[in-house]
Amino acid sequence: MVVGAAQGRGLIALRVLVTGAGGQLGTEVVRAFSGDERRFSVVACDRSTLDLGSRDSVLSAITSVAPDAVVHCGAWTAVDACENDPDRALAVNALGTRHVQDGCRVAGARLLYVSTDYVFDGLASAPYDEWSSVGPATAYGRSKLGGESEVDPGNTIVRTSWVCGASGSNFVKTMLRLAGERESVSVVDDQVGSPSFTPDLAGVLRDLVVARLPGLYHVTNSGSTSWFGLAQATFAAAGLDPARVLPISTVDYPTPAPRPAYSVLDNAALRLQGWPLLADWHEPLDRLVKELTS
């Protein structure tokens, strides 16, 4: 589906194909590129139009569009489900990225691949930068790291974490729903990370594509917190009593896939190049809660 088209004489729009366009990040990336039809022509591909598990489907979609750039948001992100079906995780997230890169190679397009904090083991005590050693502890993390290995040199990889937005399912939406169903909500307080909000994140992805910056980048909103802290802040932003959120430990909330105890991402590559970092996570959280509750 072509979302935007170039207008005006003598203008050549950057043609961008977005995979996973029906997901919470993909939806916002399409919106970010659709804001200026003189500069961008956007083709949104969701699962119905581009099957990452099928090389023929991926190559057909990319070569028929002949984009200048592909923003690869498509992925299987159900962490616990990936743990129970690691072959499917690899087929979609790793092999699927190989297919996307192959399509980009044939079409002469640049690739921006969206990856995750789960490529790390979560055992650190200081933020992970782009040169920190990886060591995924989950099938999901291994599959996304596999996807990173499929990206050709000269293209772009962006790792992000704790993604929340107005589209799709996410932690903030879950907290707001539970707030209306329960007197109290128990949330783990010994897992720490960097929240990332889709409008802010999508804007940086767009800017990286336009700048044609190669290499690996960490992109999150500034600051860090625990899931418990994010839950309390969500309640407060909604005008609810944050004391209704009760802290528990990870051992009290077992999951099929282990969660990283610490996965704060240092946006070092952007910072060292003088790029402005994203706002503290409280600011986009307040905007998101207002949007979801208005």
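Residues numbered from 1 in each chain as written. Predicted model: local features only at pLDDT ≥ 70, side-chain atom pairs only at ≥ 80, totals over all residues. Heavy atoms only, no water.

Caption draft 1: Representation of the side chain of Arg 244 in the model. In this structure, Arg 244 sits in the loop between α8 (227–237) and β12 (245–248). Notably, Arg 244 is buried but unbridged: the nearest opposite-charge side chain belongs to Glu 183, and the N-O separation is 5.2 Å. There is a polar contact of 2.9 Å between the side chain of Arg 244 and the backbone oxygen of Glu 183. For Arg 244, the residues in contact, after removing those within four places along its chain, are Ala 179, Arg 182, Glu 183, Ser 184, Val 185 and Phe 235. (Helix = DSSP H or I, 4+ residues; strand = E, 2+ residues; numbered from the N terminus. Buried < 20%, exposed > 50% of the residue type's maximum accessible area, 1.4 Å probe, protein only. Lys, Arg positive; Asp, Glu negative; His and termini not counted. Salt bridge = Lys/Arg side-chain N within 4 Å of Asp/Glu carboxyl O. Polar contact = N/O pair within 3.5 Å; in protein donor to acceptor, adjacent residues only side chain to side chain. Contact = heavy atoms within 4.5 Å.)

Caption draft 2: Molecular detail of the packing of helix α4 (residues 86–107) against helix α5 (residues 139–149). One way to put it is that α4 packs onto α5 with a least axis distance of 7 Å and a crossing angle of 20 degrees. The pairing of α4 with α5 is recorded here as roughly parallel in orientation. Between α4 and α5 lies a crossing of right-handed hand. Two secondary-structure elements touch here, α4 through Pro 86, Ala 89, Leu 90, Asn 93, Ala 94 and Thr 97 and α5 through Ala 139, Tyr 140, Ser 143, Lys 144, Gly 146 and Gly 147. (Axes fitted to C-alpha atoms, helices over the stretch in contact; angles between N-to-C directions. Parallel < 35°, antiparallel > 145°, perpendicular 65-115°, else oblique. Left-handed = near helix turned anticlockwise from the far one by under 90°.)

Caption draft 3: The arrangement of the environment of Ser 249 in detail. If you trace the backbone, Ser 249 turns up in the loop between β12 and α9 (268–272). Of the residues examined, Ser 249 reaches a relative accessible area of 22% and is grouped as partly exposed. In this structure, the C-alpha to C-alpha distance between Ser 249 and Ser 186, residues 63 residues apart in sequence, is 9.5 Å. Non-local contacts of Ser 249, meaning those with residues more than four positions away in its chain, are made with Val 188, Asp 189 and Asp 190.

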